[in-house]
Every structure is written in structure tokens, then in C-alpha cells.
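Descriptive analysis of the structure
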2 protein chains.
Amino acid sequence: MIKTESNRVLQFSNRPVLLSGASIGGKTEGEGPMKNEFDRCYPTDYINCKTWEQAESALQHEAVQTALQKAKLDASDIGIIFAGDLLDQCMASAMSAKDFNIPMAGLYGACSTFALGLALAAVFTDCNAVKNAIAVASSHFCSAEKQFRFPLEYGNQRTPTTQRTATAAGAVVVGHANSGCCIESAMIGTIRDLGITDAANMGAAMAPAAADTIEKFLFSTKTQPRDYDCILTGDLGAVGSQLLCQLLFHRGLDISAVHEDCGNLLFDSQKQDVHAGASGCGCSASLVSTMFRRKIENKELQKVLFVGTGALMSPLSVRQGESIPGIAHAVLLSNK
Amino acid sequence: MIKTESNRVLQFSNRPVLLSGASIGGKTEGEGPMKNEFDRCYPTDYINCKTWEQAESALQHEAVQTALQKAKLDASDIGIIFAGDLLDQCMASAMSAKDFNIPMAGLYGACSTFALGLALAAVFTDCNAVKNAIAVASSHFCSAEKQFRFPLEYGNQRTPTTQRTATAAGAVVVGHANSGCCIESAMIGTIRDLGITDAANMGAAMAPAAADTIEKFLFSTKTQPRDYDCILTGDLGAVGSQLLCQLLFHRGLDISAVHEDCGNLLFDSQKQDVHAGASGCGCSASLVSTMFRRKIENKELQKVLFVGTGALMSPLSVRQGESIPGIAHAVLLSNK
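Residues numbered from 1 in each chain as written. Chains lettered and ligands numbered in written order. Predicted model: local features only at pLDDT ≥ 70, side-chain atom pairs only at ≥ 80, totals over all residues. Heavy atoms only, no water.

This part is about the pattern of salt bridges. All names here are of chain A. One pass over the full model with this rule turns up 28 salt bridges over all chains. The closest approach of N and O atoms between K146 and E53, which form a salt bridge, is 3.0 Å. One end of the pair, K146, is in helix α4 (residues 141-148); the other, E53, is in helix α1 (residues 52-71), and 93 residues separate them in sequence. A relative accessible area of 33% places K146 in the partly exposed class. (Salt bridge = Lys/Arg side-chain N within 4 Å of Asp/Glu carboxyl O. Helix = DSSP H or I, 4+ residues; strand = E, 2+ residues; numbered from the N terminus. Buried < 20%, exposed > 50% of the residue type's maximum accessible area, 1.4 Å probe, protein only.)

Right, here's the structure in full:
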């Protein structure tokens, strides 16, 4: 039974476990400091496909397939798949999921999608709506550049505050087990809009939502930053991470000692031309599915508060001068 | 507690109730046979906004606000809002939801989004993850034409098989009550792809998925078409409805006596230039939120199997020659 605090933290009494996780990456990911955390990194971002969109779908497909194999499960064992990506109409997810014959719930939370998927998978498995669920999300540098900014052939210059969209997918199988990395609780985020309009500064757009979610989660659970081995944001990057710590510091919360950000971890910003770091659904999906799940499973880490962050914008909304609100969903992962 | 049949039907033992529902429409909707089912229809599709996208967001916003008022609830009483639309990156939903300060889960299921939202809202309320939830979806003829086909000024000719995207939004508040229109069970659909590539024939793309979901639901629940007052599809329109009945007839299921389709109901195809009928998330969202909810509440109808249907495509996927898979989610609405 799920017990909800009046302040919206979902507590999972059965503590569903991440039975397995898998991540598939592209060329830049395979040249970075996290390359050994991926199940596979391709030598080019074509992923043996004819279009960038097919390539992204192939990443997602392989992540799901690999996660199933690792869990020693078949697609028929999965009651639901929560999938999402950044593409218009979430086509990478649709084209991937159609091969698996698994009931599918399409999600859109921009780069926060994987955290949202984890939370929903936890609700479904904890209350026994399904025995096993999959949460998966993907992104692809080339499909994202083409859609949100410019085709690569244009040779566009990117500003220092921009982040490189991860060419990656991450998938987990969520189910029941006596031990492992479990989902202890979650909190669905609320949209926050501080009027950011610079589409080249996603970190600033998302930081307020992340601060809001973290503050609410800590307050609701009566915990402090020191109670966590890690407060892990999805992809605030270098700029957004600084802003997050400042925003929370002004609210009396110092998370600097425990804060990590997948966008800061995925690439080596000194050696790789990634400006403010990594972004995209696949950024947090890949690292949480493999590295963080593994570290919690083997008790290197006990409690990780994962806060997936998303900037809610489209190329059209930006051209129309709309602001870019953010959203952040929290998922507490811990060793069971 | 949710009991899941091994064949994936979610049974809601607490039978969450649609405490209220509201629908807001545009000009063509206000000139059609369903005009009195809407809480409000605007005289133009501008909805007092400067862009079509803002207009669609305004429809969604007003639908949510009206549903809250009718339920005599405040936004702070709502634990989660499940929202989606057809726009790139679901911007109508984001821009609407940001004003309500309600935890938000963005969904994408094309025109099946409202059914997906209802199912998820039912899971969350039935297992007491939240006390009350909102499910809302919207679409807008002008924003959809601009995004998926051509701006209106182009004067494009539409084929006989095309459907007119509803300029509409529908929202329901889902919670607990002793009586009313309740969500008895639901089944998340699986993607079906029969290789349709004609973006001007959405009905044909979606009919296989609808047939699949209906057949599975009936088989799993050991029921027959005659056990329902209505098997209501979302927006197959005239072409898709015929195909659906044929597909099921070949599988030994004759639903013709009980089948209705929101796409066939919303407009008067004799008097209004709507070709094969209505489509869009708002089509089923509006009619289910008001008319069908009301009829079940006052016992004109006892059991309605609502099957929201979605065609999974983007303008880019169509240009790339990809096929258009479909998905259909089932929600059994009944009088409690």
C-alpha cells in the first residue's frame, strides 16, 4: 500500500527493486569518463541506422532488450513500459516499444522523463497493478540538434551555457526482490517558471524547479542533505548546478557536499567540447540505470535522492517568446 | 487494492469516481450536435489569445478550472494532474498546468492520451497514492493543422478520409465517492502496426490497435459486446469505425450494435465540412468528461467501455516514410 504524506511524498511500503538496468551510448559517451558504465557504446552516432530518429529508437530498443536479458525476463513478463524521449510526438519511444508487445504508457517530461517513469513504475509495482514494469528514456545529440536548434551541417556555434544532448538510452526493470537497489519513495514535481527565455541556458530554466522539489522533499520527510549519500540531479550541467546550490543556500539548505549532477558526470568538460555538460533524457537515464543502481546494490551508496530535471519548451514556444518553465521529479533510491 | 488479471486488466476495487467533468470547445464544436454538452464554446478559435498554441492551452486551463469548481475543490486538493496534448513537447499542457501548482505527469499517447490519463488517475486514486487526481487532454484544429499539415492560410485541400481535429479540452476530477460514474477497470494498450503510411487516414492507422484492445479486454473479462451499453472509441471517425467493426467481425466479435465513436458524434458530417469526422485528444476528452460521465451518473447508461485511440506519428516520421502505428487504451466506466 502506498502511503502518501499530506505533502505529496509517495512512500512505497513494498519498496520495489530495480531488478536490472542497462544503458547504451554513442561515440562521445564512449570517449568519456563514464564509458565503462555503459553496456555498449557505438563508435558512431548512426547506430547502424539511416536516420538520427531511427538511431535514437535503436538505442532505446537495445537498452530495453539488454535490461530484460539481465533480469532474465521476457517481454511477456512485463506488465507495462513507461517510455519517453525529446522527439516531437515521442517517436523514438513509439518506434522502440512497438516491437516488444508490452502495454505502453508514453510520457513527456523533457529531460525529467526518466525520473517520472521510475516514479510511475514504482506506483504500479508497489500496489501490484503489475508484477514488473520497465522505465526507459532516451535522447540523441543529432536528433535533438536538428529538432531544437539547427542541423549539424549548418555548423552552428553553441554558447558556453549550452549543454550537449546525450546520445544515450537507459532502461530499468522494476519488480519485487528481497534485496537490491530499491525505490523507497518518490515525489511528482510541480512546474516552476521564473521567466527564463534563453533556450541556450537550460540549466537556469530547470534549477528553480529542482530547488523547489528538493526543498519540499526534504521538508516533507524531515531530512537534511547530510542524510543522503548523494542528491543527484538529472542534467542541470555546470551552470544549473551552481544556481541550484545558490537557490537552496538562500533557503537555508546547503547541498554542496552531497550534490552530483549527471550532466556534470557524463563527459569530461576539460577534454571534450561539451560546454556546460550533458543534457537530455538519456543522460540521467543511462547513469541511473547502470552506475547508480549498481553502486546502491553493492552498498557503495546507501541513499541517493535522484531528481530528474526538465525544461518545458519547444522550438515554436521559444520563437513565440514564451518563457521556459521547469519541472523536477524526485525518486529516492536506497539499498534494500 | 488493484487486482490485475494475468491478462493485464486492472480491476479497481475502490472504483474511483469521476467527481466532476468539464469541457471547453471552439467555434465548430459550438455549431455542432454536441454543443450543449460543453460547459462553454467560444465563438472563434482564438480563445482570446494571440497564438493557436496559447489558445489550446487556454482551453485546457479553463477545462481544469471548471472541473475543479464543479467538484467544489481547490487545486491544493489535487494530488496529481495527468495532462497531454498533440503539440510538440506537449506545450499546451505545460503552459496550462504551470498555473495550478499541482504535481504534474506529462503524457503522450496521441489521441489516446485522455484514456491513458483516466487509467493512471484511477491507479493513483484506487491505491490511495493520492486522494484526488485530474486527467485532462486537449487539441486545437489550427495548432494541429499548422504542426502536422499546413498553416491554414495555405488553403490546403483535405482528402475525404481526413478528420477535423477538435478544438476542445476535457478534464475530470477523479476521487472517492459512494456513487456516480466510476472507473471500474482499465487496460493499458499495446502498440499495433499494420504498415499504414497514409497520414491522411488516421482511422485506418488506429483501427487495428482498437480492435486488439477491445478483443483482449472482452476475452480477459469473459464478457461480450452485449454486456455493455456502449463500446465507445475515441476518434476512429467514419473510416476507422467501419474498419474496426470489420476487423472484430472477422475475429467473431460483432460490436456494431453497441459501438459509438466520439469522432462520429462531435460534428454533424452532413452539415459541417468535417470529412470523416472529428479527431484529436480533445474529441474524446470533451465528450467523455461531460456527456458520457453525465449519462452514466444518471443511469441512462450503465456500462461504457471507453477505448481511446491514438496514431503514433510525427510530421517528420511521415516524411521519412515510416509507418503509423496505433495504440488504444481501455477504461470501463460504470454507474456506482
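All names here are of chain B. In a regular helix each residue adds 1.5 Å, so 14 residues correspond to 20 Å; helix α4 (residues 113-126) covers 20 Å between its end C-alpha atoms and thus fits that length. Most of α4 sits inside the fold, with 14 of its 14 residues counted as buried. A positive backbone phi angle near 65° is found at N128, which sits one or two residues after α4. (Expected span 1.5 Å × (residues − 1).)

Another point: the packing of aromatic side chains. Using the criterion set out here, one finds six aromatic pairs over all chains in the structure. For the ring pair F150 of chain A and Y154 of chain A, a centre distance of 4.8 Å and an interplane angle of 20° mean the geometry is stacked. Between F82 of chain B and F124 of chain B, the ring centres sit 5.3 Å apart and the planes meet at 75°, which makes this aromatic pair edge-to-face. Here the residue F82 of chain B occupies a position in strand β5 (residues 80-84), and F124 of chain B occupies one in helix α4, the gap between them amounting to 42 residues. Here F82 of chain B falls in the buried class, since its relative accessible area comes to 1%. Taking relative accessible area as the criterion, F124 of chain B reaches 0% and is therefore assigned buried. (Phe/Tyr/Trp six-rings, centres within 6.5 Å; stacked < 30°, edge-to-face > 60°.)

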